[in-house]
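Fold and geometry: a report
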Amino acid sequence: MNVRTLWNWEHAAGQPSARRGRPPHSPAAHARAHELVADAAATVGSTTGWRPYEPLLALPRRLLEPAVKAVKAAHRAHVRDVRATHRVQHVVRTAGTIVGQDSAHLGVAARHGVWAEVWRDWATLELEAGGDGKPVTETRVLEHLDALRRDGRLPLVRAGDNGSAYWTPAVEARLAAYEVVHLGNRPHVPQDNAATERGIGEAKPEAELGRGVALGTPQEGVAALQAACGRLNARPRPSRGDLSADELTRELPSWETRVARSVFYGAAQAAIQRAVSEGMTKRQRRQAEREAVFETLEEFGLMSRVRGGEVLQALRPEMIS
């Protein structure tokens, strides 16, 4: 350190340092870049990055990149709004009316995948989990149906995907014997059981389970998922007026207050017979079956279908999806 350095420090004290680098572009320049990119997006597309815009617009990269990012974000928001406006949602009025079932992969124990079965009531959003850690089998499905019948908890409609264990002749016969309508997904459309899928998507992170998670035993994973379901059932739901699944289970009326099981089952089967016809593809047949079941539920006042933002107005204590 020398005298000149001390002298420079003394004179520089309290003086703002000069800003380095290029000066920023003005707000007007950013706004103009946004307009140009928005116009060019009709040609370039809504999923690409900034590079395809560069030869068309000849904008500095510091203007082009943020403009492309903003235009893409605005496009995604618009698409979400349009889809929400046209989305048809099922608003179930009574508890136990539709219960969805699906399998959840929890992790790995002793080099084998660990699985659990998850059930969700479409009305109350109540989640349950069970199983022995192995993939679901016909025997397990039948045992669960028998247990529900013993406990008086058979739903009117069982919703699920197209897993082979759910569609065996023995399972179909047991559902028919117990007068439970089987609501299957259309092929390759897991969104048809979206309520249960979302429940699994909530429960697995809550339990810190999923692909790559190492477990000591299969039972450890199933127990952790069961505990997570219990916590979620006690959690207030803003979409349900801050009522929890446990509270809704206690407060919502049962389907038994609206219709007898045999009456509903007969009406649903008759509607399905009228809806399906020879020559339908598997997807067309499943779509017709689903529509027939939903129409029967609406006929008995057990469900409504609402579009987009109307859901919030439709949700009342006795009308929950």
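**A look at the overall build of the protein**
- A tally of helices and strands in the protein yields twelve helices and seven strands.
- Pairs at least 24 apart in sequence give 68% of the contacts found in the protein among residues at least 6 apart.

**What about the pattern of salt bridges?**
- As enumerated under the stated definition, the model contains 15 salt bridges in all.
- The closest approach of N and O atoms between Glu 35 and Arg 32, which form a salt bridge, is 3.2 Å. Here the residue Glu 35 and the residue Arg 32 both occupy positions in helix H2 (residues 27–44), the gap between them amounting to three residues, near one helical turn.
- The partly exposed category is assigned to Arg 32, whose relative accessible area is 47%.
- For the salt bridge of Arg 237 with Glu 202, the shortest nitrogen-to-oxygen distance reads 2.9 Å. Taken as a pair, Arg 237 in the loop between helix H8 (218–233) and helix H9 (245–251) and Glu 202 in helix H7 (residues 194–207) lie far apart in primary sequence, 35 residues in all.
- According to the relative accessible area criterion, Arg 237 is buried, its value standing at 12%.
- One salt-bridge network, in which partners are shared between bridges, spans Arg 120, Glu 202 and Arg 237.

**As for the nonpolar core**
- If you look at the biggest cluster of nonpolar residues, it comprises 27 residues, and the most contacted ones within it are Ile 98, Trp 122, Val 157, Phe 264 and Leu 297.
- At the level of secondary structure, the elements contributing two or more residues to this core comprise strand E5 (157–160), strand E6 (181–184), helix H10 (261–275) and helix H11 (282–299).
- Formed by 18 residues, the second largest nonpolar core is a distinct cluster that contains Leu 106, Ala 129, Val 222 and Leu 232.

**Observations regarding the packing of H10 against H11**
- Their axes nearest at 8 Å, the elements H10 and H11 cross at an angle of 140°. On the basis of the axis angle, H10 is oblique to H11. The crossing of H10 and H11 is right-handed. Contacts between H10 and H11 pair Phe 264, Ala 267, Ala 268, Ala 271, Ile 272 and Ala 275 from the former with Ala 288, Glu 289, Ala 292, Val 293, Thr 296 and Leu 297 from the latter.
- Its residues placed into classes, the contact of H10 with H11 shows ten nonpolar, one polar and one charged.

**What to know about the sheet that holds strand E2 (residues 98–109)**
- The five strands lie next to each other as E4-E3-E2-E5-E6, forming an open sheet whose pairing is mixed. With one partner strand each, in any of the chains shown, strand E4 (127–133) and E6 form the two edges of the open sheet. This sheet shows a mean twist of 25° between the axes of neighbouring strands, independent of strand direction.
- Contacts from H7 reach E2, strand E3 (112–121) and E4 within the one sheet, and its direction differs from that of E2 by about 35°.

**Considerations on the packing of aromatic side chains**
- As enumerated under the stated definition, the model contains one aromatic pair in all.
- Taking NZ or CZ as reference, Arg 286 lies 4.5 Å from the ring centre of Trp 167, over its face.

**A closer look at H7**
- With 14 residues, H7 extends 20 Å from end C-alpha to end C-alpha; this agrees with the ideal 20 Å at 1.5 Å per step.
- Every buried residue of H7 is accounted for by Ala 195, Thr 196, Gly 199, Ile 200, Ala 203, Lys 204 and Ala 207. Buried residues of H7, seen end-on, are gathered within an arc of 155° and therefore sit on one face of the element. Those residues of H7 that are exposed and aimed more than 90 degrees away from the buried face are Arg 198 and Pro 205.

**Regarding the confidence of the model for the protein**
- Per-residue confidence for the protein gives a mean pLDDT of 89, with 89% of residues at or over 70.
- Across residues 317–321, confidence stays below pLDDT 50; counting only partners more than four residues off in sequence or on other chains, it has 25 contacts.

**Focus on the environment of Phe 264**
- You can see Phe 264 is positioned in helix H10.
- By relative accessible area, which is 0% here, Phe 264 ends up buried.
- In this structure the C-alpha to C-alpha distance between Phe 264 and Val 180, which are 84 residues apart in sequence, comes to 9.4 Å.

Quick notes on the rules
- Residues numbered from 1 in each chain as written.
- Predicted model: local features only at pLDDT ≥ 70, side-chain atom pairs only at ≥ 80, totals over all residues.
- Heavy atoms only, no water.
- Helix = DSSP H or I, 4+ residues; strand = E, 2+ residues; numbered from the N terminus.
- Contact = heavy atoms within 4.5 Å.
- Salt bridge = Lys/Arg side-chain N within 4 Å of Asp/Glu carboxyl O.
- Buried < 20%, exposed > 50% of the residue type's maximum accessible area, 1.4 Å probe, protein only.
- Core = buried A, V, L, I, M, F, W, Y, C linked by side-chain atoms within 4.5 Å.
- Axes fitted to C-alpha atoms, helices over the stretch in contact; angles between N-to-C directions.
- Parallel < 35°, antiparallel > 145°, perpendicular 65-115°, else oblique.
- Left-handed = near helix turned anticlockwise from the far one by under 90°.
- Nonpolar A, V, L, I, M, F, W, Y, C, P; charged D, E, K, R; others polar.
- Pairing = 2+ DSSP bridges.
- Phe/Tyr/Trp six-rings, centres within 6.5 Å; stacked < 30°, edge-to-face > 60°.
- Lys NZ or Arg CZ within 6 Å of the ring centre and 35° of its normal.
- Expected span 1.5 Å × (residues − 1).
- Arc of directions from axis to C-beta.
- pLDDT = per-residue confidence, 0-100.

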